[in-house]
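As a plain string of letters, each chain reads:
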Amino acid sequence: VVLAIADGVGGAPNGDTAAKIAMQSLVHKIGKGNSGPLRSSILDGIELANETIRSEISGAATTLVAVEITNQIARIYHVGDSGECIVGGRGKIKSHTVFHSPTGYAVESGLISEHQAIQHEDRYLVSNLLGAEDMSIEIGSPIPLAPRDTIVLASDGLFDNLYFQEIGSAACR
C-alpha cells in the first residue's frame, strides 16, 4: 500500500497543478507494476514529478509525503513540509517527519520548542520542494507497525496548527 499527499505551494504560481502532477507521476510509476521493489517506483515517481514540474510550469512547486506499507513495515518518503506521524494505539507518537524548513530543523536540533515553532513568524518558509533544481528526497528508516497504529498524513495546514500530542490524542479516539 502507498499513501501520499501533495500540497501545492500557495505563494508559487500553479501550486495546485504542481501537486496534481506529483500525484499523477507517483501513481504512474507505481502503476507500471514493475517487478522491482516498490521503493524504486516511489522514488522514480517523485523524480518524474520534479522533472515534469520544472520543465512544464515555470516557478511552480509542491510538497509531497508518501508512506509505503509492506508486511506491516512503514517507510516514509518526503519532500517539504507536508508530513507524517505514526500514532500508537494509546496516542503516543512513534514517528514523525522533520519538516524541510528552518523551523523544522530548529525543532529537531533542540534550538526551539514545538510550541515556539507553531508561533514562529517564519514557520511558512520551506527549504526543499518539488519543482526546485536542488530538490532532495528524504527516505525514512523502516518502522514496524502494530495492529492499532494510525498513520496521519497531512499538509502543513495541520502541523502548523496542532501539536503532535494533540494529533496523537485525536487519532486514537
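This text goes with the structure placed above it.
The shown structure was predicted, so the numbers you read here are calculated from the model rather than taken from an experiment.

1. With respect to the side chain of Asp81
Within the element layout of this structure, Asp81 appears in the loop between strand S3 (73-79) and strand S4 (83-87). Buried charge without a salt bridge: Asp81, with Arg123 as the nearest opposite-charge side chain at an N-O distance of 9.1 Å.

2. Quick notes on the pairing of S3
S3 sits mainly inside the fold: six of its seven residues count as buried. Inspection of the sheet shows strand S2 (residues 62-70) paired to S3 by seven bridges, in the antiparallel sense. In the sheet register, Ala66 faces S3, and the bridge partner there is Tyr77. Joining the antiparallel neighbours S2 and S3 is a turn of two residues, in which Asn71 adopts a positive phi near 50°. Alignment of S3 against strand S7 (residues 143-144), held across two bridges, turns out to be antiparallel. Bridged to Ala74 within S7 is Ile143.

3. So, the nonpolar core
Formed by 19 residues in total, the largest nonpolar core has its most connected members in Leu26, Ile46, Ile53, Leu64, Tyr77 and Leu130. When residues of this core are traced back to their parent elements, those giving at least two are helix H1 (15-31), helix H2 (38-56), S2 and S3. For Ile46, the residues in contact, after removing those within four places along its chain, are Leu26, Leu64, Tyr77, Val79, Leu130, Met135 and Ile137. Core analysis: the second largest hydrophobic core is formed by nine residues, Cys85, Phe99, Phe164 and Ile167 among them.

4. Overview of helix H3 (residues 102-109)
Residues of H3 that are buried include every one of Thr103, Gly104 and Ala106, and no others. Across the axial projection of H3, the buried residues extend over an arc of 165°, all falling on one side. Tucked into the core, H3 has its buried residues touching helix H4 (114-119).

5. Description of the sheet that holds strand S8 (residues 150-154)
Pairing is antiparallel in the open sheet, where three strands are placed in the order S5-S4-S8. Whereas interior strands pair on both sides, the edge strands pair on one side only; in this sheet they are strand S5 (93-96) and S8. The mean inter-strand angle of the sheet, taken between neighbouring strand axes irrespective of direction, is 15°. Pairing between S4 and S5: three bridges, direction antiparallel. Paired with Val87 across the bridge in S5 is Ile93.

Cut-offs and rules
Residues numbered from 1 in each chain as written. Predicted model: local features only at pLDDT ≥ 70, side-chain atom pairs only at ≥ 80, totals over all residues. Heavy atoms only, no water. Helix = DSSP H or I, 4+ residues; strand = E, 2+ residues; numbered from the N terminus. Buried < 20%, exposed > 50% of the residue type's maximum accessible area, 1.4 Å probe, protein only. Lys, Arg positive; Asp, Glu negative; His and termini not counted. Salt bridge = Lys/Arg side-chain N within 4 Å of Asp/Glu carboxyl O. Pairing = 2+ DSSP bridges. Core = buried A, V, L, I, M, F, W, Y, C linked by side-chain atoms within 4.5 Å. Contact = heavy atoms within 4.5 Å. Arc of directions from axis to C-beta. Axes fitted to C-alpha atoms, helices over the stretch in contact; angles between N-to-C directions.

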